[in-house]
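Structural overview
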Amino acid sequence: NLAMINYMKLIAAVTGMTFLGYCVYFDRKRRSDPDFKRKLHERRSRRPAPKAGPGDLNEKDMEIYFLDQMQRGQGLIMNGDIEGGVDHLISAIFVCNQPDKLLHVLQSTLPTEIFAMMLIKMNAYECGQKRLAFPPVVADEESISAV
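Turning our attention to the overall build of the protein chain. When helices and strands are tallied, the protein chain shows seven helices and zero strands. Ordered by position from N to C terminus, the α and β elements of the protein chain give α-α-α-α-α-α-α. Burial status across the protein chain gives 24% buried among its 147 residues. At a minimum sequence separation of 6, the contacts of the protein chain that also span at least 24 residues come to 62%. For the protein chain, the computed accessible surface area is about 10800 Å², with 59% contributed by carbon and sulfur atoms.

With that settled, the discussion passes to the nonpolar core. Membership of the largest hydrophobic core comes to 21 residues, with the highest contact counts inside it found for Leu-106, Leu-110 and Met-118. Mapped by element, the contributors of at least two residues to this core are α3 (59–78), α4 (82–95), α5 (99–109) and α6 (112–127). Dropping the residues within four chain positions of it, Leu-106 is found in contact with Met-70, Leu-89, Ile-93, Phe-115 and Met-118.

On to the packing of aromatic side chains, then. Tallying each qualifying case throughout the model produces one aromatic pair. Residues Tyr-22 and Phe-26 carry aromatic rings whose centres are separated by 6.1 Å and whose planes lie at 20° to one another, so their mutual orientation is stacked. Taken together, the residues span about one helical turn, with Tyr-22 and Phe-26 both in helix α1 (residues 2–31) at a distance of four residues.

The next point concerns the side chain of His-88. Turning to its location among the elements, His-88 is positioned in helix α4. In this structure the side chain of His-88 is engaged in a polar contact, spanning 2.7 Å, whose partner is the side chain of Gln-69. For His-88, the contacting residues outside a window of four places in its chain are Gln-69, Arg-72, Gly-73 and Leu-76.

What counts as what
Residues numbered from 1 in each chain as written. Predicted model: local features only at pLDDT ≥ 70, side-chain atom pairs only at ≥ 80, totals over all residues. Heavy atoms only, no water. Helix = DSSP H or I, 4+ residues; strand = E, 2+ residues; numbered from the N terminus. Buried < 20%, exposed > 50% of the residue type's maximum accessible area, 1.4 Å probe, protein only. Contact = heavy atoms within 4.5 Å. Areas by Shrake-Rupley, 256 points an atom, 1.4 Å probe, with all protein chains shown as cover. Core = buried A, V, L, I, M, F, W, Y, C linked by side-chain atoms within 4.5 Å. Phe/Tyr/Trp six-rings, centres within 6.5 Å; stacked < 30°, edge-to-face > 60°. Polar contact = N/O pair within 3.5 Å; in protein donor to acceptor, adjacent residues only side chain to side chain.

By themselves, these observations are geometric and do not establish any function.
Set out below in structure tokens:
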């Protein structure tokens, strides 16, 4: 029975090595093709340019982005990553069209130390011109109160 297990391990190792060898062979063959760089450049130029960020999204996508940032921020804070969570909450505040109400909700729900850290970081972002030009997200009062 032990011999059978060793035999299976050997077969698995040989199969894995054969697969890796084939991958290396195929990759070298592909890269040595004289038209490889030209084809790669054409493929990349045909691709649409990636969006610059949340500023290019429509209102529905902005609302989804807002809710996603709020959920990520809360999740990270609950898991102990305070700074990461605060960064996500700040991103949500920057895209919100009612930041005062959102700040009021966060002030009543977050511990004082975390809320103070968030305000300090927000001030640093604004003073350091790190704030991106996000258009306000259409988040109604239900979305904010659901947070």
